[in-house]
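# Residue-level structural notes
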Amino acid sequence: MNATAAAPIRLEGVRKVYPDGTVAVGDLSLDVAAGELVVLVGPSGCGKSTILRMVNRLVEPTAGRILLGDEDVTHADPVALRRRMGYVIQHVGLFPHQTVRDNVATVPRLLGWPRARVDSRVDDLLDLVGLEPSRYAARYPHELSGGQRQRIGVARALAADPVVLLMDEPFSAVDPIVRGRLQEEFMRLQATVRKSIVFVTHDVDEAVRLGDRIVVLSDGGKLEQYAAPAALLAKPVNDFVAQFVGSDRGIMRLGVTPIPASLSPVPAGGVDGGPVVTADATLREALSALLEGDTGWVAVRAADGSVRGILTAADILSDPPPPRSHPRRS
């Protein structure tokens, strides 16, 4: 599948003030690198969704510039702009009277793509989100589960190969088990398509799991901290961020820290029957395996099946340096 190159996004001094004087977002500046997934978190009413909607001009900024690559989109035609951006919302917004195929094909049809190209693109995208075209393309939204509808929403947002993907709490309307599966699928999908993504959530765990970087906002869209998950969890810049992230941030940090290269040696008696994790696991996964075992250690197995060494509780709970990249996307 050919892919349009992702574009960087930059907000420069962006403000949104409503006619009654309410400041929804005040003087916000931040950048999203091409191919990066940036998550916006903060308390209810802090302007997360407003920021997202200013990027695609569903909400007009009061002041400031929003750049997509080198283009200031505040001067672009808003309808044409939205067709260049994918947009996924909490309740999907699929057209109930249209089939899955027609829903996914919405923007390519508006852009005048030939029917054969549209059909090919829809089939490719359904495969990409794990829904077999021969089984699902002719179904209607009411015939799908909540998780399947969310996948169709993502496929529709990607249909015209947008340079940017905007996602507003896309997985919050499904149960925790389905949500976890959707997050896994989405990480796999992003590793394939590498879009520039701005993702809004109220769930810090989701932000830490998915984000390359996380934006923590307070009331009025004030930027409190902008950092990679491990750095944010290790060193909150102030009490607001520390309280928002939560007291269990040490455990959360283990979830974004990969197994280190240096391991303790294998015990003299070997590791047969003991707990094992793969070398691409996180330290949180290693700690979970260690606690479920009764050995005081967990073995680390390489891709070729060989045992690289072990981790003890002391190894896991020591203060590792923050990883340079997301452990699932390195």
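Further up the page is the structure itself.
Below you will find a few notes about this structure.

This part takes up the overall build of the protein chain. The helix and strand tally for the protein chain stands at 14 helices and 13 strands. Taken over the C-alpha trace, the protein chain has a radius of gyration of 22 Å; the compact-globule value for 330 residues is 20 Å, and the two agree within 12%. Taken along its principal axes, the extent of the C-alpha atoms in the protein chain is 70 × 50 × 35 Å. Taking all 330 residues of the protein chain together, the buried fraction comes to 49%. Considering only contacts in the protein chain between residues 6 or more positions apart, those separated by 24 or more positions represent 65%.

Strand order in the open sheet formed by three strands is β11-β12-β13, with mixed pairing between adjacent strands. Edge positions in the sheet fall to β11 (276-278) and β13 (307-312), since each has one partner strand and no second. Strand after strand, the sheet turns through a mean of 30° between neighbouring axes, direction not considered. Bridge count between strand β12 (residues 297-301) and β13: five bridges; the pairing is antiparallel. Across the sheet, the residue bridging to V298 is L311, located in β13.

Now for the sheet that holds strand β9 (residues 213-218). The strand order β6-β7-β8-β3-β9-β10 describes an open sheet built from six strands, whose pairing is mixed. Among the strands making up the open sheet, the edge pair consists of β6 (85-89) and β10 (222-227). Neighbour-to-neighbour, the strand axes of this sheet turn through a mean angle of 15°, independent of strand direction. Bridge analysis of β6 against strand β7 (residues 164-168) gives five bridges, and the strand direction is parallel. What sits directly across from M85, in β7, is V164. Along the sheet, helix α1 (residues 48-55) contacts β3 (37-41), β6, β7, β8 (196-200) and β9; its crossing angle with β7, the most-contacted strand, is approximately 150°. Sheet strands touched by helix α7 (residues 146-158): β6 and β7. Its angle to β6, the strand with the most contacts, is close to 165°.

What counts, and at which threshold
Residues numbered from 1 in each chain as written. Predicted model: local features only at pLDDT ≥ 70, side-chain atom pairs only at ≥ 80, totals over all residues. Heavy atoms only, no water. Helix = DSSP H or I, 4+ residues; strand = E, 2+ residues; numbered from the N terminus. Rg over C-alpha atoms; globule rule 2.2 N^0.38 Å. Buried < 20%, exposed > 50% of the residue type's maximum accessible area, 1.4 Å probe, protein only. Contact = heavy atoms within 4.5 Å. Pairing = 2+ DSSP bridges. Axes fitted to C-alpha atoms, helices over the stretch in contact; angles between N-to-C directions.

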